[in-house]
Amino acid sequence: VQLQASGGGLVNPGGSLRLSCVVFGRTSRAWSMAWFRQGPGKEREFVGGFHRSGGSPFFADSVKGRFTISRDNAKNTVYLQMNSLRPEDTAVYYCAGSPSLILSSLGVPSAYAYWGQGTQVTVSS
């Protein structure tokens, strides 16, 4: 199983980007999927994700109202739409997936079995 993240880049404050994460080798329809990020000198932190049991996605407080997550099961792809970007959103963004984690572990990096390679997002004027 491989996860491939893409879509990062340089954007002005207030701008938007959409990240994509394609899952190869396994149907991810019934997986929990999430996005994490790691800024310079910081620990990896949860951005948002949804549990395999269904329901609305969860988001970190820092991105609520600005970021959304969606999935296209036909394409085995998860998207992170980022709007109203701020300089503090600058980080390497990673997608992660797991077929079996429990809901309370959705925001815990070590709970995920599979990771994408990361894509750099830089918010700067």
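Above this text is the structure in question.
Residues numbered from 1 in each chain as written. Predicted model: local features only at pLDDT ≥ 70, side-chain atom pairs only at ≥ 80, totals over all residues. Heavy atoms only, no water.

1. Some thoughts on the packing of aromatic side chains
The full count for this structure, using the stated rule, is six aromatic pairs. With centroids separated by 5.1 Å and ring planes inclined at 50 degrees, the aromatic side chains of F36 and W115 adopt a geometry described as tilted. Here F36 is found in strand β4 (residues 32-38), whereas its partner W115 is found in strand β10 (residues 114-115), with 79 residues between them in sequence. Given a relative accessible area of 0%, F36 falls into the buried group. Here the aromatic rings of Y94 and W115 are separated by 6.4 Å at their centres, their planes lie at 80 degrees, and the arrangement is edge-to-face. Within this pair, whereas Y94 is found in strand β9 (residues 91-98), its partner W115 is found in strand β10, the two being separated by 21 residues in sequence. Clustering of aromatic rings is evident, with ring pairs tying together F36, F46, Y94, Y112 and W115. For the cation-ring pair, R44 lies above Y94, with the distance from its terminal atom to the ring centre recorded as 3.8 Å. (Phe/Tyr/Trp six-rings, centres within 6.5 Å; stacked < 30°, edge-to-face > 60°. Helix = DSSP H or I, 4+ residues; strand = E, 2+ residues; numbered from the N terminus. Buried < 20%, exposed > 50% of the residue type's maximum accessible area, 1.4 Å probe, protein only. Lys NZ or Arg CZ within 6 Å of the ring centre and 35° of its normal.)

2. Some remarks on the state of the cysteines
One way to say it: the disulfide is the covalent bond shared by the sulfur atoms of two cysteines. Applying the stated criterion across every chain yields a total of one disulfide. Between C21 and C95 runs a disulfide, and the two sulfur atoms are separated by 2.1 Å. On the S-S bond that ties C21 to C95, the torsion sits near 65 degrees, and the link is right-handed. A residue pair is termed long-range when its members are at least 10 positions apart, and C21 in strand β3 (residues 17-24) and C95 in strand β9 qualify at 74 residues. Considered together, C21 and C95 belong to a single accessibility category, that of buried residues. (Disulfide = S-S within 2.5 Å.)

3. Looking at the side chain of D89
Secondary-structure assignment places D89 in the loop between β8 (77-82) and β9. There is a polar contact of 2.7 Å between the side chain of D89 and the side chain of R66. Look past the residues within four positions of D89 in its chain and what remains in contact with it is R37, R66, F67, S84, V121 and V123. (Polar contact = N/O pair within 3.5 Å; in protein donor to acceptor, adjacent residues only side chain to side chain. Contact = heavy atoms within 4.5 Å.)

4. Quick notes on the nonpolar core
The biggest cluster of nonpolar side chains holds 26 residues, and the ones touching the most others in it are M33, W35, F67, L80, M82 and Y93. Counting only elements with at least two residues in this core, the list comes to β1 (2-6), β3, β4, β5 (45-50), β7 (67-72), β8, β9 and β11 (119-123). The element that contributes the greatest number of residues to this core is β3, accounting for four residues. Core analysis: the next-biggest nonpolar cluster, separate from the first, contains seven residues, F46, A96, L101 and L106 among them. (Core = buried A, V, L, I, M, F, W, Y, C linked by side-chain atoms within 4.5 Å.)

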